[in-house]
Every structure is written in C-alpha cells, then in structure tokens.
Amino acid sequence: MSQPSSIQRRFPWHILFFLAPGLLIYVTFSVYPLLDTLWLGLFQEDETGQRFFAGISNYKTLLLDAAWSEPFWNALWNNTKFFLIHMLVQNPIGLFLAALLSSPRLRLSNTYRTLIFMPTMLSVVIIGFVWQLLLSPIWGISEGFLYSIGLGQYFDAWLGKESSALITLALISVWQFVGIPMMLIYAAMLSIPDDLIDASVVDGSSAWQTFWHVKLPLILPTIGMVSILTFVANFNAFELIYAVKGALAGPNFSTDIMGTLFYRTFFGFQLQSGSITMGAAVATLMFLIILVGVMLYLFVVQRRMKRFQL
Amino acid sequence: MADVKLSNIKKSYGDTPVLHGIDLDIKHGEFVVLVGASGCGKSTLLRLIAGLEDISSGELHIGDQQVNALAPAQRGIAMVFQSYALYPHMTVFKNMSYGLKIAGKGKDFIDAKVREAARILHIDHLLERLPRELSGGQRQRVAIGRAIVRDPNVFLFDEPLSNLDAALRVKTRVEIGKLHKELGATIIYVTHDQVEAMTLGDKIVVMNQGRVEQCGSPLELYQHPATRFVGGFIGSPKMNFIDGKVAALGGDHIEIQLSNGCRSRACVEAGDLKVGDPVTLGVRPEHIDERSDAGTMLSGDVTLVERLGEASFIYLTLSDGTEIVVRGSGESTVTTSEHIKVSFAPHNAHVFDSNDRALRRLKAGNVHSTAELAQLKAVGQEAF
C-alpha cells in the first residue's frame, strides 16, 4: 500500500542557495565572456562602428582569404612546432630530472629541486629580457662563452634568424617551465612504494629495466596529464613571444603563434587596425583548437590509460 | 642448493649501528625464523641477505660463494614482501614471469614454469587477472608464486602474513609450512609473531636490539630460554618474573628468597652464584597451578580474570606488588578481588642471574614418568 504523501515535497531551495555564489562567479566571469566571444565572432563592423550580424563570414575570411589565412595557418603551424618542441624536450627532460631526483643516492636533491624550479616562479617578461641579453650577438655573453669552450664557430644570432628564432624561443620557454613536469612526475614517482622497486631489483632488473618496466607504466597517467597541461599552456602562450619579439613576432612573423596573432587582430598593431569582431573569431578558433585537443585526449588517450592502485 | 652462513655481519646507518655482529649458520633445507620486537633489526638482516642493502662489515656466504658484493638476482634468492609488492599494472602471469623474462629465458620455458608454480599454489585460474582484482590471500599466493618460479636456493619472507586477517593467517601459515616440505628449499622468515615462529620454524633466531639473543629449535627456546628476554618473548601470556635473592645452594637445586617473602626451590645449576646474589625467578603462566600444593606457593589478590573457554587467565597481585598471570582451567571459579593461593613445581622454574642470563635448568622438558613427577613434587614440598 502506498501512502499518499501528506507533505508536498518542497523545491530544495537550500541546494540552490549553497550553489549560488560559486555558480554566479563562474557564470559571470567564465561562461558569459566565452559565450559572448563566440557570439561576437559572428558580427562585423562597418566604418561608422555599427555592428551587424554577418554569420560565418569572419571565419570564411580568416580561413580562405589569403591576406588573413596565410598569417593564420602560419601562426597555427608555428604554434604546433612550439608545442612539439615542448613535448619532445621539456617533458622528457622533466621526466629524466624527476627520475634523478627520486634516486635515493642523490645528495642535495632538495637543493636541485628548488634551483630547477626557480625560473618557473620568475616573470616571463624577465626571463625573455634576460635571455635576449644573454643571446645578443652584440652584448651577449653566449658568444664569448662558446668560444671559451671551443665551440665559438657554432655561435649565431639565433633569436634574429627566421630559421632558428622560434626554436630558440621554445627552448627558452622549456628552460623556464621544465620544473613543472619535473615536480608533477617527481610526486608521482614518490608515490610508488619502495617495496615494488625492491621486488623488481630482487627479480634481477637493472635500474633502467626497473624504470622502463615498473616506474614508467605507473607514472604514465601523470605524463598524460603533463602532456595535456603543456598543450593547453602552449596554445594559450603569448607573453614570451611578446616580451622578446613584440607583437609582430619577427623576424618576418617566424615566431608568430596564435596568441600574438590574436593580439594584433584584436588590439591592432602599427599599420593594422584592431577589429573586435575578427579578434573574437580568432579567439573562438583558439578555443576550438584547444577544445578538440583536450577532447581527443580525454576520450581517446585517457580512456585507455588506467590508474593503478598502488 | 645451498647453506647460508653469516659471519659477524654488522650494519650501521651513518653512525648508528643497527646490527652488532650477527653469526648464523643455516643448513640447506632449514626453515629459519627471525623473530623479535619491531626495531630489533630482523628485517634489516633479511634485506642484507637479499642484497637490498649493503653489509657494513662481516661476511655472507650462500652456498660456497661469498655474496657480499653480488646483486640480489645473482645470489639465488627470492623474496616475498609484507605488502606483496605485486606490480599493479601487470597480470598475475606477467607478475610471476617478470624475473624470468628479465633473465632472458625462453617463452616456452617461462610459460611452463609459471603454470607449474600456479598449479602448486592453486592460482591457475587467476593468471590473466590484475592484482587489484585479487583478494589478500590470492595476492599472497601470487607473491609466493613469483618467488617459486625463479627456483631460488633461499626463500626470504618478510612478515608475509601480517596483512591477512586472522583466519586467513592461520590457513596461509599452514600452507607455507606444507610448501616448505614440498619444495625442500631453505627458508628465512621474518616475523614478530611468536606463534608463527614456533609453528613454522625448524630453528628460531630471537633478536633483540641488533643482536641474536638465542638461536635454537622452538622447544629448546621454550624450555631453555638463554636470557630473560627470550623467556619473556616466547610463550603467551608471557613468563612471570619475580625478583629474589639466592638463599641456599643445593646439589641439584637452589633456594631463592622471593621479594614477596616466599621461599622457592628451582632445579637449576647454581654455576658461580653465591648465597645473597640477586636473581630473577621466571615461571610460565601455564606452569602455575591453581591449587596450592604443587611446590612453591604464592598468594595474592585477583585483579582480573580473562575467560577464554578452554582456559582462564587469572591476574594476581602478590603482597609486594609484583603482578603475575596464572593459566587456570576453563572451569575456574575464581573471581576478581578474591585472595587465592597458587603454586608451581621447582622443575618448572627458570632462574636468571643479575645479567639476565639463564641458569641451566636440570629437569626441564625431560620429565616423563609419573614417578619422576612425584619425586619432583616431593622436592618442592620439602621447602616448606
């Protein structure tokens, strides 16, 4: 027998009440600006500054009109290279440093950890300025340093050449941020029980085999997380290029990435006048690129990766 | 197959010594249990034998080879860890075959070995599972299986049962005992549990503060503890200790004036004791009789009675404040705050000198005939 409920179930206002502060802040500062940007990308402005709805014509211009699409594809390709250099240099070095730090035989490991992490805490502008000075062919110390160790003939104005500027900037960024993957992976390695390593040693594996067969599979989820953080940070990067090369991302746009392209489009720079709506379209594309990357990671990579109970 | 020989093994971490010269001879096929309170160095000793830590000084031989400098895998040992230490990302099969794979053995060989070990341990049906899908007991078997497949000369067990629940612990204990018979290998087993030590070991090594207190068969340790520490460590509830002074020396016994005023006989060799020397009398709870006519009589107030069904543990406070435990019968009618008299026979007494070393017992463990018993009882009653 079911009893008819004498008391009407009241709407759970208290839940709404407790959710409200966080929800309000999130909606105001995250959801609304994002939606507004997406919306704004669908408009254009005439000479008088009057906005009118233009559908996807901004995106057509951006992707198909040579004057716009060349810089766009250039920036996207540069950004991809920037990301690949981080993935191939920063994260393996971070992993290597973490492996060294977690070795019980290493003395002063706390000192190394702090020193390697230090550049991460400095402002990107300072890092950019310092490296610009270091690498300058006029006052920089790099040339003299290379000569003193007999490698002087390899010195070049790396930051000034189209062929090497982007790689140099990427390596500067790697130098600054290598502490982050190192710390994350180091923490993951510390959580591997000592017994497991001992068992592997008793089983006869060398330090390298232990690393490859036991430690690496167990920190793989962390490496995945580091990769996705690198991806998001790299496709949102802007400051270092701006600090070292300015908004024109020279020489000849060879260091132009999505962030600097967006900056010029939105705010305008020198001869180029800024366009809020076109800028919104670039920002939307950046958002979509990152969204697709993160989705691919979440649904393709992370699903296959299992976290193991240690 | 191999004997294990430890000669004056020392270990220190920095300036802190943790093992002070351990000598131990382990014959091939022996089941040796290292037992002691936590922090006594038993696990460290096992890790030294395994090669997981460097020996500070002394020599370690396995077989006829000095192995101080050899890597664990070259020593012909296999180890079972307290936490099992199974590789969480590998299936049971891969966990068990990892060592063989590293050693570069052929696929067929590995397959045969692993299946053989799995059959012995009854885990054949689990080979494709991951460790997290196994119960504690099953993980334990896999850990043992991982050791078996490597055909080691010596198995090292580091408190392998302490993560199991009580029922499973007893079951696995029995199985490890059977496994030892089946494999015929040398086993060195670390535990803090004296029941495990007594039931499993051919030889028990009692350790205390980085030293071997005594080494012998389970019954030897129970009947002839060499020191007060061993006397207290082996046996449950632990041995009762009552302070006293030597009152008189006889041919086959000594008489002791106990701190509570009683006088007791103990069938021990006097050695170089003199009348008046301070000694400690030790007597196990199970050797104290609820009746008052077994020999030395003690009287005290009952502070607590624990009833286990098959026995009752009666906690007594003697007149001088010494607390003792008596293992009474399960049907004992004694109640708390009662004043009772209990007694023990002189051949059940242990005597420790002022350095806590035991005096050799003369009649322990070899009392067989009832006539002999009656005679001993008579000796005991003479004292009063």
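This text goes with the structure placed above it.
Now for a look at the structure at hand. These numbers come from a predicted model, not from an experiment.

1. Focus on the overall build of chain A
Secondary structure assignment for chain A yields 13 helices and four strands. At 25 Å, chain A has a C-alpha radius of gyration far larger than the 19 Å of a compact globule built from 310 residues. Projected onto its principal axes, the C-alpha coordinates of chain A cover approximately 80 × 65 × 30 Å. A buried classification covers 37% of the 310 residues belonging to chain A. Taking as baseline every contact in chain A between residues at least 6 positions apart, the subset at least 24 positions apart corresponds to 64%. Working note: accessible area of chain A is about 18,600 Å², and carbon and sulfur atoms make up 69% of it. Distance between charge centres in chain A, computed from 16 positive and 15 negative side chains, equals 12 Å.

2. Focus on the pattern of salt bridges
Per the counting criterion, the structure on display carries 17 salt bridges over all chains. Among the salt bridges present, the one from Asp151(B) reaches Lys113(B), with a minimum N-O distance of 2.7 Å. With a gap of 38 residues between them, Asp151(B) in the loop between helix 4 (136-148) and strand 7 (154-158) and Lys113(B) in helix 3 (residues 107-120) connect regions that are remote in the sequence. Taken together, the shared-partner salt bridges connect Asp198(A), Arg47(B) and Glu53(B) into one network.

3. What to know about helix 3 (residues 66-101) of chain A
Taking 1.5 Å of rise per residue, 36 residues should cover 52 Å, and helix 3 of chain A covers 50 Å from first to last C-alpha, within 8% of that figure. Maximal helix bending in helix 3 of chain A amounts to about 30°, located at His86(A).

4. Focus: the sheet that holds strand 9 (residues 203-208) of chain B
Residues and elements named next belong to chain B. Strand order in the open sheet formed by six strands is 6-7-8-3-9-10, and the pairing between neighbours is mixed. Lying at the two open borders of the sheet, with one neighbouring strand each, are strand 6 (77-80) and strand 10 (211-216). Shown here is a sheet whose adjacent strand axes are inclined to one another by a mean of 20°, direction ignored. Sheet analysis places strand 9 next to strand 10, joined by five bridges and oriented antiparallel. Across the sheet, Val205 pairs through a bridge with Cys215, a residue of strand 10. Across the sheet, helix 4 lies against strand 6 and strand 7, angled at about 175° from strand 6, the strand it touches most.

5. A few points about the environment of Val232(A)
Residue and element names in this part refer to chain A. Topologically, Val232 is positioned in helix 10 (residues 207-235). Measuring from C-alpha to C-alpha, the distance between Val232 and Gly293 comes to 8.4 Å, with 61 residues separating the pair along the chain. In this structure, Val232 is in contact with Ile290 and Val294, ignoring residues within four places of it in sequence.

6. Thoughts on a nonpolar patch on the surface
All names here are of chain A. On the surface, Leu288, Leu291, Val292, Met295, Leu296, Leu298, Phe299, Val300 and Val301 cluster together into a nonpolar patch covering about 740 Å² of accessible area. The residue Val300 is located in helix 13 (residues 276-304) in this model. A relative accessible area of 38% means that Val300 is categorised as partly exposed.

7. Some thoughts on the pairing of strand 13 (residues 263-266) of chain B
All names here are of chain B. In this structure, strand 12 (residues 254-258) lies alongside strand 13, joined through four bridges in antiparallel fashion. Counted as the bridge partner of Glu255 is Arg265 from strand 13. In sequence, strand 12 turns back onto strand 13 through a hairpin of four residues, with Gly261 there showing a positive phi of about 100°.

8. Quick notes on the packing of aromatic side chains
Working definition: an aromatic ring pair is given by the centre-to-centre distance plus the angle between the planes. Residue and element names in this part refer to chain A. Per the counting criterion, the structure on display carries 25 aromatic pairs over all chains. Ring centres of Phe155 and Trp158 lie 5.3 Å apart, and the angle between their planes is 70°; this geometry places the pair in the edge-to-face category. A relative accessible area of 27% places Trp158 in the partly exposed class. Among the aromatic residues, ring-to-ring pairing joins Phe238, Tyr242, Phe262, Tyr263, Phe266 and Phe267 into one connected group.

9. Thoughts on the environment of Met182(A)
Residue and element names in this part refer to chain A. With respect to the secondary-structure elements, Met182 resides in helix 8 (residues 179-190). Note on Met182: relative accessible area 0%, which makes it buried. Along the primary structure Met182 and Arg113 are separated by 69 residues, whereas in three dimensions their C-alpha atoms are 8.6 Å apart. Dropping the residues within four chain positions of it, Met182 is found in contact with Gly94, Leu97, Ala98, Leu101, Arg113 and Ile116.

10. Regarding the sheet that holds strand 20 (residues 350-352) of chain B
Residue and element names in this part refer to chain B. Pairing is antiparallel in the open sheet, where five strands are placed in the order 13-12-11-14-20. Of all strands in the sheet, those bounded by a partner on one side alone are strand 13 and strand 20. Between one strand and the next, the sheet's axes are offset by a mean angle of 45°, whatever the strand orientation. As judged from the five bridges shared by strand 11 (residues 240-249) and strand 12, these two strands associate in the antiparallel manner. From the neighbouring strand, Gly244 faces strand 12, where its bridge partner is Leu258.

11. Structural notes on the nonpolar core
Core analysis: the biggest nonpolar cluster contains 56 residues, and Leu6(B), Leu45(B) and Leu156(B) have the highest contact counts within it. In terms of residue count, the dominant contributor to this core is helix 10 of chain A (six residues). Discounting residues that sit within four places of it in the chain, Leu6(B) has contacts with Ile22(B), Asp23(B), Leu24(B), Leu45(B), Ile49(B), Glu59(B) and Leu60(B).

12. Describing the pairing of strand 4 (residues 57-62) of chain B
All names here are of chain B. In this sheet, strand 4 lies alongside strand 1 (residues 4-13) in antiparallel orientation, the contact comprising five bridges. Considered in strand 4, the bridge of Ser7 is made with Glu59. Pairing between strand 4 and strand 5 (residues 65-66): two bridges, direction antiparallel. Following the sheet pairing, Ile62 is matched in strand 5 by Gln65. The hairpin turn running from strand 4 into strand 5, its antiparallel successor, is two residues long, and Gly63 in that turn takes a positive phi close to 70°.

Reading the values: the criteria
The residue numbering used here restarts from 1 in each chain and proceeds along that chain's sequence as written. Lettering for chains starts from A, numbering for ligands starts from 1, and both go in the order in which the items are written. In keeping with the predicted nature of the model, local features appear solely for residues at pLDDT of at least 70, side-chain atom pairs appear and are counted solely at 80 or more, and the whole-chain, interface and lining totals rest on all residues. Excluded from the side-chain calculations are hydrogens and water; all other atoms, namely the structure's heavy atoms, are used. Strands here are runs of E lasting at least two residues and helices are runs of H or I lasting at least four, both read from the DSSP assignment and numbered beginning at the N terminus. Values of the radius of gyration come from C-alpha atoms, whereas the globule rule sets the reference at 2.2 Å times the count of residues to the power 0.38. Burial status follows relative accessibility: with a 1.4 Å probe on protein chains alone, a residue under 20% of its type maximum counts as buried, one over 50% as exposed, and anything between as partly exposed. Only heavy atoms matter for contacts: two residues are in contact if any of them lie within 4.5 Å across the pair. Accessibility throughout is a Shrake-Rupley quantity obtained with a 1.4 Å probe, and a residue counts as covered only by protein chains that appear here. The sign given to each residue is positive for Lys and Arg and negative for Asp and Glu; His and the chain ends receive no count. By convention, the charge on Lys lies at NZ, on Arg at CZ, on Asp at CG and on Glu at CD. Salt bridge, as used here: a side-chain nitrogen of Lys or Arg that lies within 4 Å of a carboxyl oxygen of Asp or Glu. In this analysis, the expected span of each helix is defined as 1.5 Å times one less than the number of residues it contains. A residue's bend is the angle separating two fitted axes: one through the seven residues that end there, the other through the seven that start there. Each pair of strands is called paired provided DSSP finds at least two bridges between the two strands. Each axis is a line fitted through C-alpha atoms, and for a helix only the stretch in contact is used; angles between axes span 0 to 180 degrees, taken between their N-to-C directions. Here the term patch refers to residues with relative accessible area over 30% and no salt bridge, with like charges joined within 9 Å and nonpolar side chains (Val, Leu, Ile, Met, Phe, Trp, Tyr) within 5 Å. In this analysis, rings of Phe, Tyr and Trp, with Trp reduced to its six-membered ring, are considered paired at centre separations within 6.5 Å, and the interplanar angle assigns stacked below 30 degrees, edge-to-face beyond 60, and tilted for intermediate values. Each nonpolar core is a collection of buried residues, namely Ala, Val, Leu, Ile, Met, Phe, Trp, Tyr and Cys, held together in the definition by side-chain atoms within 4.5 Å.

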